[in-house]
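# Examination of the molecular architecture
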Amino acid sequence: MNWKRKDLLGLQDLSREDIEYILDTAVSFKEVSARPVKKVPALRGKTLVNLFFEPSTRTKTSFELAGKRLSADVLNFEVGTSSVSKGETIVDTARNIEAMKVDCFIVRHSVSGAPFLISNSVKAAVINAGDGCHEHPTQALLDLFTVREVFGKISGLRIAIIGDIFHSRVARSNIWGFTKLGAKVIVCGPPTLIPAGIEKIGVSVCYCLVEAIKNADIVYLLRLQKERQQENFFPSQSEYRDFFGFDMEKFNLAKNKFFLMHPGPMNRGLEISTETAEKENSLILQQVTNGIAVRMAVLYLTVRNIQ
Amino acid sequence: MEILIKNIRVIDPYCKIDSIRDVLISGASFSQISKSIHKKNPKTIDGTGLWLIPGLIDMHCHLREPGNEGEETILSGSISAAAGGFTTICCMANTDPPVDNKVVAGYIFEKAKNAPIKVLPYGTITAGRKGTSLSPMGELSEAGVIGFSDDGNCVMDSLIFRRALEYSKPWGKIVISHSEDQILAKNGVMNEGILSTKLGLRGIPAEAEHIMVYRDISLAKLTGAKLHLAHLTTKKSLDLVREAKKEFKNITCEVAVHHLVLTEDALSNYDANAKVNPPLRTQQDIRALVKGIKENIIDAIVTDHAPHSEEEKGSGIENAPFGMIGFETALPLAMSLVKYGLKPIQIIEKLTIGPARVLKIQPGTITQGAEANCVIFDPEKEWVVTKDNILSQSKNTPFLNKKIKGKVLYTFHRGNIVYSDKSMSQNKGC
């Protein structure tokens, strides 16, 4: 297979083959990070820009390390939301930076679709590092990579995604990724946080955590954004914890051999209890490690063709 | 000056005429309409293959003066409207400051004197469009406003809306409701459904409209006032109006052109120019709206022309304001509805005598002695909408760079040519 896409904007538009190709490419890059000298010259002379309109630590760091391990130059460009409201459009910002001859934009924005606007107006590669409630494709790819590493396959597994599906770009990308690769996805959360018509994209909906995690191979907990309580999506954090938080009691009701995942950062004591977070079947740190390899693969495939 | 238009298909819903005629315009009015006119040396337009339509009325548009003259002025908006075939436009009151007193209304009338077509402003329903206290409806009526509207905002307080309907009665002017439960629609960007879920955008459920349409109809019945429902978008809304109209005559409604020709799919590439309020819905809703036109449930087709700057629309779809421009594409887009079995005269009716009846103003007609307000339309001409050929000061339309079939070639207002298509002015001397 020959990768021809300039951008990675989401998993919705990728085929099963596309996704597997990225994961296969990531396998060879994972080994680089295990070397004493963690660098290959794959993208030497290329310039990547972390264009973050929304604060982020781990995703930005992960992309930065991935770029540097490919020998690319990486620039961090954080745009305060205030400067955007002062009349410069998203596209203006990107074109300004492109005028400095960069090869790739890694875009994080609080507005869904922002990377699409940029992609339509620049020649550089555009990687979506999370847009609004829409997609976070590299997070899903690293999750898929991790699950494949653990189980040796994805097809036939049961994945329970728990929490605020409505506002979660991680959930959306994971739903596309896991279903395309043949897993069965169950989404679970308070009904107010399950978006309209989601069952039509091939997942089952469940409002009961115990029910959802029964027979699940992966329990995937989403981070709860605490400010959602102000919008009355749920009555209180303690009620959320009681019904949708994952603790030892729920842990013991799950399948014998299941694994726990979380995109980070965790709200300990809210969606995840400290005890369960530290169990040996937690894949949380492995996810973070794999993030570098997957992002190296994505950067390599998209940026190497940019002239 | 005399202008003779030869061999043109005259479509006039007022006289229920749809046939080939010669039409002579002398001064400000039509002086002769017959099968064949012979006249020495008048300026002549060959109307073969073209349509002659009465000047269109748009009872719902937004000009941005006073307050946002960078997006549109009364002059630029009316020039754009003339290019779309409109000879009367009614501008909404959500200017800055809003039209909630006679001074602002007077300012608009003053500016409108320089416009090539007739511009009639609405006054607000509530002071400052805040929904908490009534605007001086009497003062505004005497200043000449054509009706009342807080458009862009729904008067959420049912008691205030009831009072507005009741209080407006002595002046006999319509009260327009932007029927949307704004609390239910809060933070919404587009129609709620599977597509909003996929795009990660917050949805506005159709119920936000139905709830208010039901409330507004109930209050209109209670008060006996003249209620006009703006830009309806769903089948259910039309069902409610259909029921209401059976027993109560003071209810009218309109539909915007874009809701007839676009579905929510126009947002699937995050095109902020397709972000409108109420939102674009589904193909099923379009079919219901077309049926509403056929059955005369819908009284008027409007543009809801809403200019916005590129900066505002380019700030990401969730931050972008609602609205698209519409004057210059309205007539050809509305005409595309013939594919659903509507006759051209039925569509034109909703752009001429339909709104005239709602507003109680003189409808345009192509008859001897009538004011010569009319449009020459080429139903076959294809053209591409570009930033360069749009006359509106703003360019926010999802039809940008798209091909459209049907083009206004000339617009006459009181016998004057207020718009002529570039291709016309280059070839002929009109």
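Residues numbered from 1 in each chain as written. Chains lettered and ligands numbered in written order. Predicted model: local features only at pLDDT ≥ 70, side-chain atom pairs only at ≥ 80, totals over all residues. Heavy atoms only, no water.

## Structural notes on the interface of chain B and chain A
- Across the boundary between the two partners, chain B contributes 19 residues, which contact 26 residues of chain A.
- When chain B packs against chain A, close to 1,700 Å² is buried across both sides, 60% of that on carbon and sulfur atoms.
- For the salt bridge of Glu231(A) with Arg202(B), the shortest nitrogen-to-oxygen distance reads 2.8 Å.
- In this structure, the connection of chain B to chain A is made through 8 residue pairs in polar contact (both at pLDDT 80 or more).
- Mapped by element, the contributors of at least two residues to the side of chain B that touches chain A are α5 (194–199) and α10 (310–313) of chain B.
- Among the elements that make up the side of chain B that touches chain A, the one with the highest residue count is α5(B) (4 residues). (Contact = heavy atoms within 4.5 Å. Buried area = accessible area lost by both parts, 1.4 Å probe. Salt bridge = Lys/Arg side-chain N within 4 Å of Asp/Glu carboxyl O. Polar contact = N/O pair within 3.5 Å; in protein donor to acceptor, adjacent residues only side chain to side chain. Helix = DSSP H or I, 4+ residues; strand = E, 2+ residues; numbered from the N terminus.)

## A word on the packing of helix α6 (residues 137–151) of chain A against helix α7 (residues 169–180) of chain A
All names here are of chain A.
- The interhelical angle for the contact between α6 and α7, taken along N-to-C directions, is 50 degrees, at an axis separation of 8 Å. Compared by their axis directions, α6 and α7 come out oblique. Crossing hand, α6 versus α7: right-handed. On the side of α6, the interface is formed by Pro137, Gln139, Ala140, Asp143, Leu144 and Val147, while α7 contributes Val170, Ser173, Asn174, Gly177 and Phe178. (Axes fitted to C-alpha atoms, helices over the stretch in contact; angles between N-to-C directions. Parallel < 35°, antiparallel > 145°, perpendicular 65-115°, else oblique. Left-handed = near helix turned anticlockwise from the far one by under 90°.)

## Remarks on the packing of aromatic side chains
- One pass over the structure, following the stated rule, counts 14 aromatic pairs over all chains.
- With a centroid separation of 6.3 Å and an interplanar angle of 55 degrees, the aromatic rings of Phe246(A) and Phe251(A) are classed as tilted. Each of the two residues, Phe246(A) as well as Phe251(A), counts as buried.
- Both rings, one in Tyr410(B) and one in Phe412(B), keep their centres 6.2 Å apart while their planes meet at 35 degrees; by these two values the pair is tilted. Considered together, Tyr410(B) and Phe412(B) belong to a single accessibility category, that of buried residues.
- One aromatic cluster is present, built from ring pairs that chain together Phe234(A), Tyr240(A) and Phe244(A).
- The ring of Phe151(A) carries the charged tip of Lys257(A) above its face, separated from the ring centre by 5.7 Å.
- We note Lys275(B) situated over the ring of Phe322(B); from NZ or CZ to the ring centre the distance is 4.8 Å. (Phe/Tyr/Trp six-rings, centres within 6.5 Å; stacked < 30°, edge-to-face > 60°. Buried < 20%, exposed > 50% of the residue type's maximum accessible area, 1.4 Å probe, protein only. Lys NZ or Arg CZ within 6 Å of the ring centre and 35° of its normal.)

Interpretation in functional terms is not warranted from these geometric data alone.
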